[in-house]
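Inside the fold
Residue-level listing of the chains:
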Amino acid sequence: MRDIAIVGGGPAGAMCGERLARAGYGVTIYDEHLAWEKPCGGGLTHKAIKAYPFLLSGPHPKKLIRTVELISSKGHRAHLALDQPIVIYSRTVLNGLLLERAEAAGCRVVRSRVNQIDTPGDRARMALGESRVEADFVVIAAGARNSLLPDTRPLSRSDMEMTLGYFVPAQAEGIRVKFLHRFEGYLWSFPRCDHLSVGICGSMTRHTSQELRRYLHEFMEDEKIPRDGANFYSHVLPSPQKQTLSARRVVGRNWALVGDAAAWVDPITGEGLYYALRSGDLLAEALIAGHPSEYPARIRKAFSTDLEFATRIARRFYRGRFLGGAVATRMIQFIERSPTFRALMADVFGGSQDYCSLKRRLWAQCGTTLTEVVGSLLKGQAALGKSIRDS
C-alpha cells in the first residue's frame, strides 16, 4: 500500500498527507477549493499547540488570545485569564499553511472535485468529472456533509449543528462567548488578525436558522458589534451523539474517515481543529505501521473516550439546572467569585483540562470553591451594608 488519495485539503487531510509523504508514500490531495475561508472561529487551544508547536512559532499571521469573557443568559459576566494562549488563524491562512507543508513534504495537490468513490475492489476508484483515478487507499477528509461514505452511514441531523454569523471589519483582543436560556449552543466573537468572526451555533434538530439569526443580531446589538460592511456566512458542523462516536464505522479495508467527516468534534465547545489534525496524524501512523484497522483504537486512546464522556454531559450543561438556576449561569457566577473554580474553567476553555478527569477535579476542589463563593457573597453584603450606613 504505497499510493494514497486524500479527498479534502483541510487540516485533517493536509496533516495526514504530510505525515504519509514524509514516510515515503505517494500522496495526492484532491480539493475543489484548497485554502478557503470557513465560518468557525479558527481557534487552536493549548493541546493543539502542544502537539504541533509550528502552529505557534511559524511566521503566518495569527492572533494570540489570553482572555475569554463569558456571558450568561441573564447578563452575568466573568473573565478568564488563560495561562496558555488560544491561537486564532483565519481559516484561509491556516488551510494554506498546512497545504504548503504537505506539498513541501512531497504531496501532489490537485484542485478538483471528487464526485464518487468506489471501494469494493482491491483498489479504491474515484470519479473526478469525466476522469477516473485509482489508489491503494483513500482518506476521506471532505467535511461532515459529504456523501462520499463507503460502507458507513452518513451523519444524521441529530449529529449536526448549524452555524451562521458575520465576518466583521473590527478589532478586539479577547474572545466573548454568550450562553442562552435552554439553548443547545452559544454565541461567540473571535478576534482574528484583520476582522472578527462573530457567530452562533445551535442544534439542527432544535433550532431554526431564523431563530439563530434573531439571537445573533440581538447579541451584536448588545455587544455593540456593527454589521456595517460585514460579510454573512453559514455552515453545518458535526455535533455528535454518543452512539455516533462509539459505533459509527470510520475505517475499512481501503478507506478511512478523518476530521469532520468522522465527526471528531467536541460536543460542548464545538472545538474541531485539534481533533482534525490529530485524527489525520493518527490515521497516518496506522497506515505507516501497516495496520489501518488499528486507527479506531488509536483514536479512542487519544481522545474519543473523552468526547464520548462529553456527549453525556453536554445536554445537562446547556439545558440543566443547578442550585435553582441554569448551569451556565451558575458556572459564570462561580467563576466571578472563586479563584479556584476560575482556574479550573480557564483550563477547560484553554484545552488543558479533559472531561474524563473534570468531575474528579471538581469534587476535589468543591469545598474550597464553595468556601470562596460564600466568602465573596458575605464580603459583598458587608460592603453593601457599609455603603448604606455611610450614605
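Quick caveat, the model's predicted, so the values are computed rather than measured.

So, unusual backbone geometry
- Despite not being glycine, K224 shows a phi value in the positive range, around 55°.
- Since its relative accessible area comes to 74%, K224 is described here as exposed.
- The phi torsion at A263 lies on the positive side, around 70°, for a residue other than glycine.
- Turning to its location among the elements, A263 is positioned in the loop between strand 16 (255–257) and helix 7 (273–288).

Notes on the sheet that holds strand 8 (residues 124–128)
- Read across the open sheet, the three strands follow the order 7-8-9; overall the sheet is antiparallel. Of all strands in the sheet, those with a lone pairing partner are strand 7 (116–118) and strand 9 (131–135), marking the two edges. Taken pair by pair, the neighbouring strands of this sheet meet at an average axis angle of 20°, ignoring direction.
- For strand 7 and strand 8, the ladder comprises three bridges, and the chain directions are antiparallel. Among the inter-strand pairings, D118 is bridged to a residue of strand 8, identified as R125.

Points about the sheet that holds strand 2 (residues 26–30)
- Spatially, 6-2-1-10-16 is the arrangement adopted by the five strands of the open sheet, whose pairing is parallel. A single partner strand is all that each edge strand has here, and the edge strands are strand 6 (108–110) and strand 16. On average, each strand axis in the sheet is inclined to that of its neighbour by 20°, with strand direction left out of account.
- Pairing of strand 10 (residues 137–140) with strand 16, which is carried by three bridges, proceeds in the parallel orientation.

Rules used throughout
Residues numbered from 1 in each chain as written. Predicted model: local features only at pLDDT ≥ 70, side-chain atom pairs only at ≥ 80, totals over all residues. Heavy atoms only, no water. Buried < 20%, exposed > 50% of the residue type's maximum accessible area, 1.4 Å probe, protein only. Helix = DSSP H or I, 4+ residues; strand = E, 2+ residues; numbered from the N terminus. Pairing = 2+ DSSP bridges. Axes fitted to C-alpha atoms, helices over the stretch in contact; angles between N-to-C directions.

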